[in-house]
Amino acid sequence: MEQHAPSAREQIEDLRRRMGRSIIGQRDVIERLIIGLLANGNLLVEGLPGLAKTRAIKALAKNIDARFSRIQFTPDLLPSDVTGTEVLYKSGDETTFRFDPGPIFANIVLADEINRAPAKVQAALLEAMEERQVTVAGKTHRMEPLFMVMATQNPVEQEGTYPLPEAQMDRFLMHVNITYPPVEDEVEVIRLVRGEEIAAMREQQGESLPARPAPIPQEAVFAARREIGAIAVAEAIERYMADLVNATRIPAEFGDDLKRWIEIGASPRASLALDRCSRTHAWLNGRDYVDPEDVRAILPDVLRHRLGLTFEAQGEGLAPDQVTAEIVRQVALT
């Protein structure tokens, strides 16, 4: 019997299952990474050391038919170390300059500890993210159609770091937080890593291991994006998204607490990100329309890095997620 080709939804669900086998207890993080991929955006992933930030991103990359590169950011990095540079080649009597692409020229790029690089390097990376191209020596070099940057940063260590300016943070589609897993999941993590170590030793000894499944083709991602583009968004939902973002700019109209907490509101990029991510969230949940719950589910990740909190809010120990929760309580769906 002839088997039908799997649909884009089936392939993306398969990707989610594969990542779930490598990343225990981080279902929301896996979903956010896939949303970033399908919404054609770049992600900022933040969490304490050892919480599988890099592992989660690698799990996404290894299960897709895509080129992966990792850039370990350090204070001595130069912009050309990221974007590439013109190199002089000599052949006989001829000398020519040729562009030697940097690690940014891949499908999925892991920018590890982005806040450890100086401002010029951060700017070079973020310009490539925004423009999807790099210009060197007057020549423009475009990225491939599938291009995504996932940057990580450690929220605790501040010594020797260069915090990203608010305007640069705004270029990330979402800011994803990774937290400690429950104890039950941590037991599963121990077993998983132990099994991987045993499998690696068996492979070194020449034992044959079960073949890995073929990676998900890039066309599945593009097909999913086309389907997401057709997701219906009612006029009331569009207004709800805009109202939620606008509330960050006029907090005084939504209660004394928000007035005390918010100093700088979100830009129109937040509304655009909310629309793209909400449609993707709806698609992943099998709907062909956006529900208010899709908007509310994704709102914290969209606003987390776009809210400028007052000194008073910071002094009270308020997190952006708490402010976002208050915005959801105050803004009505009309």
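Since this is a predicted model, take the numbers as computed values, not measurements.

Conventions we followed
Residues numbered from 1 in each chain as written. Predicted model: local features only at pLDDT ≥ 70, side-chain atom pairs only at ≥ 80, totals over all residues. Heavy atoms only, no water. Helix = DSSP H or I, 4+ residues; strand = E, 2+ residues; numbered from the N terminus. Rg over C-alpha atoms; globule rule 2.2 N^0.38 Å. Buried < 20%, exposed > 50% of the residue type's maximum accessible area, 1.4 Å probe, protein only. Contact = heavy atoms within 4.5 Å. Areas by Shrake-Rupley, 256 points an atom, 1.4 Å probe, with all protein chains shown as cover. Core = buried A, V, L, I, M, F, W, Y, C linked by side-chain atoms within 4.5 Å. Salt bridge = Lys/Arg side-chain N within 4 Å of Asp/Glu carboxyl O. Axes fitted to C-alpha atoms, helices over the stretch in contact; angles between N-to-C directions. Parallel < 35°, antiparallel > 145°, perpendicular 65-115°, else oblique. Expected span 1.5 Å × (residues − 1). Arc of directions from axis to C-beta. Pairing = 2+ DSSP bridges.

**Details of the overall build of the chain**
Argument step 1. Looking only at helices and strands, one finds 14 helices and eleven strands in the chain.
Argument step 2. A compact globule built from 334 residues would reach a C-alpha radius of gyration of about 20 Å, and the chain, at 22 Å, matches this within 12%.
Argument step 3. With respect to the three principal axes, the spread of C-alpha positions in the chain is 70 × 60 × 40 Å.
Argument step 4. Evaluated residue by residue, the chain yields a buried proportion of 46% over its 334 residues.
Argument step 5. For the chain, the share of sequence-separated contacts (at least 6 apart) that also reach a separation of at least 24 residues comes to 76%.
Argument step 6. Accessible surface, the chain: about 17,400 Å² in total, of which carbon and sulfur atoms supply 51%.

**Section: the nonpolar core**
Argument step 1. Counting 70 residues, the largest nonpolar core has L33, L38, L60, M174 and I327 as the members making the most contacts within it.
Argument step 2. Sequence-distant contacts of L33, defined by excluding residues within four places in its chain, comprise M19, L43, V45, A56, I57, L60, M148 and M150.
Argument step 3. Judged by nonpolar contacts, the second largest core, of 27 residues, contains F99, A111, A117 and F147.

**Details of the pattern of salt bridges**
Argument step 1. Considering all chains together, one arrives at 23 salt bridges under this definition.
Argument step 2. Residues E13 and R16 are paired through a salt bridge, measuring 2.7 Å at the closest nitrogen-oxygen approach. Of this pair, E13 and R16 both sit in helix α1 (residues 8-22), three residues apart, roughly one helical turn.
Argument step 3. Connected through shared salt-bridge partners, E13, R16, E31, R32, D301, R304 and D321 make up one network.

**Some thoughts on the packing of helix α8 (residues 218-229) against helix α11 (residues 268-284)**
Argument step 1. In the contact formed by α8 and α11, the axes pass within 9 Å of each other and the chain directions differ by 105 degrees. Put simply, α8 runs roughly perpendicular to α11. Contacts from A224, E227, I228 and G229 of α8 reach α11 at R279, T280 and W283.

**Quick look at α1**
Argument step 1. For α1, which comprises 15 residues, the first-to-last C-alpha distance of 22 Å matches the rise-based estimate of 21 Å (1.5 Å per residue) to within 8%.
Argument step 2. Among all positions of α1, only A8, Q11, I12, L15, R18, M19 and S22 are buried. Along the axis of α1, the buried residues cluster in a sector spanning 115 degrees; they form a single face.

**A few points about the pairing of strand β8 (residues 148-153)**
Consecutive residues of a regular strand have side chains that alternate between opposite faces of the sheet.
Argument step 1. Summarising burial for β8: six of the six residues are buried, a large majority.
Argument step 2. The alternating pattern of β8 places M148, M150 and T152 and V149, A151 and Q153 on opposite faces, both of which are buried.
Argument step 3. Where strand β1 (residues 43-47) meets β8, four bridges bridge the pair, whose relative direction is parallel. What sits directly across from E46, in β8, is Q153.
Argument step 4. Looking at chain direction, strand β5 (residues 108-112) and β8 are connected through four bridges and run parallel. Residue pairing in the sheet places V109 in a bridge with V149 of β8.

**Points about the pairing of strand β2 (residues 68-72)**
Argument step 1. Along β2, the buried face is formed by S69 and I71; none of F68, R70 and Q72, which line the opposite face, is buried.
Argument step 2. Across five bridges, β2 lies against β5 in parallel orientation. Counterpart to Q72 in the pairing with β5 is D112.

**Points about unusual backbone geometry**
Argument step 1. In this structure, N40 is a non-glycine residue whose phi angle is positive, near 60 degrees.
Argument step 2. The topology assignment puts N40 in the loop between α2 (27-38) and β1.
Argument step 3. On the basis of relative accessible area, N40 is assigned to the partly exposed category, the value being 29%.
Argument step 4. With a phi angle near 60 degrees, R132 is a residue other than glycine that sits in the positive phi range.
Argument step 5. Mapping R132 onto the fold places it in the loop between α5 (119-131) and β6 (133-136).
Argument step 6. Residue class for R132 comes out partly exposed when judged on its relative accessible area of 21%.

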